[in-house]
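# A look at the structure
Residues per chain are reported as follows:
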Amino acid sequence: QVQLVESGGGLVQAGGSLRLSCAASGRTFSDYAMGWFRQAPGKEREFVAAITRRGSATYYADSVRGRFTISRDNAKNTGILQMNSLKPEDTAVYYCATDRLPARVSLTTKLTDYDYWGQGTQVTVSS
């Protein structure tokens, strides 16, 4: 059974940084692209960033590009989201997810293209 577990969330002041981790188990992590999504109160879940299975390519939402960095360590079955210059509007529950198709040619931002999800970790940015 595939399991994804996020960690690293917390409360930070605007301008600060947080590093989220996603620990994966249950299938060959390196066979699948992975993504990070977030959901703020009263809003729909939205795409944040994605990375190919080998880490050779990344893609970001416009709202986080230049501030967030997605990476992965396949040897440790771990995905990382480094978040810098945080803003109050970044406040949300952050989720990691894995692509439902192995070796997808291009990265996808669609929620329905991801099949396994973590339970989420809360990120709160105070002004």
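Look up a bit, the structure's there.
Overview of the structure. Everything numeric here is computed off the predicted structure, so don't read it as measured data. (Residues numbered from 1 in each chain as written. Predicted model: local features only at pLDDT ≥ 70, side-chain atom pairs only at ≥ 80, totals over all residues. Heavy atoms only, no water.)

### Some remarks on the overall build of the protein chain
When helices and strands are counted, the protein chain shows zero helices and eleven strands. Taken over the C-alpha trace, the protein chain has a radius of gyration of 13 Å; the compact-globule value for 127 residues is 14 Å, and the two agree within 12%. Principal-axis analysis of the C-alpha atoms places the extent of the protein chain at approximately 40 × 25 × 25 Å. Buried positions account for 43% of the 127 residues belonging to the protein chain. Taking the intrachain contacts of the protein chain between residues at least 6 apart in sequence as the baseline, contacts between residues at least 24 apart amount to 59%. Roughly 6,400 Å² of accessible area belongs to the protein chain as shown, and the carbon and sulfur atoms make up 47% of that amount. Of the side-chain charges in the protein chain, 15 are positive and 11 negative, and the distance between the mean point of each set is 3 Å. (Helix = DSSP H or I, 4+ residues; strand = E, 2+ residues; numbered from the N terminus. Rg over C-alpha atoms; globule rule 2.2 N^0.38 Å. Buried < 20%, exposed > 50% of the residue type's maximum accessible area, 1.4 Å probe, protein only. Contact = heavy atoms within 4.5 Å. Areas by Shrake-Rupley, 256 points an atom, 1.4 Å probe, with all protein chains shown as cover. Lys, Arg positive; Asp, Glu negative; His and termini not counted. Charge placed at Lys NZ, Arg CZ, Asp CG, Glu CD.)

### Thoughts on the state of the cysteines
Evaluated as defined, the whole model comprises one disulfide. Disulfide pairing places C22 opposite C96 at an S-S distance of 2.1 Å. A torsion of 65 degrees about the S-S bond marks the disulfide between C22 and C96 as right-handed. Taken together, the positions of C22 in strand β3 (residues 18–25) and C96 in strand β9 (residues 92–99) put the pair 74 residues apart, joining distant regions of the chain. Neither C22 nor C96 differs from the other in exposure class; each is buried. (Disulfide = S-S within 2.5 Å.)

### Let's talk about the environment of F29
Examined against the element boundaries, F29 turns out to sit in the loop between β3 and β4 (34–39). Each C-alpha atom of the pair F29 and S7 lies 17 Å from the other, and the pair is 22 residues apart in sequence. Contacts of F29, omitting those with residues within four sequence positions, involve A24, M34, R72, D73, N74, N77, T78 and G79.

### Details of the packing of aromatic side chains
Applying the stated rule across the entire model yields five aromatic pairs. Between the aromatic rings of F37 and Y114, the centroid separation amounts to 5.0 Å while the plane-to-plane angle is 75 degrees, which identifies the pairing as edge-to-face. In this pair, F37 sits in strand β4 while Y114 sits in strand β10 (residues 114–117), placing the two residues 77 residues apart along the sequence. Summarising the burial analysis for this pair, F37 and Y114 share the class buried. (Phe/Tyr/Trp six-rings, centres within 6.5 Å; stacked < 30°, edge-to-face > 60°.)

### Looking at the nonpolar core
In terms of nonpolar packing, the biggest core is built from 31 residues, with W36, V48, F68, L81, M83 and Y94 touching the most fellow members. For this core, the secondary structure elements donating two or more residues are β3, β4, β5 (46–51), β7 (68–73), β8 (78–83), β9 and β11 (121–126). Here this core takes five residues from β5, the largest share from any one element. Contact partners of Y94, with chain neighbours within four places excluded, come to E6, L20, F37, R38, V48, F68, L81, M83, G120, T121 and V123. (Core = buried A, V, L, I, M, F, W, Y, C linked by side-chain atoms within 4.5 Å.)

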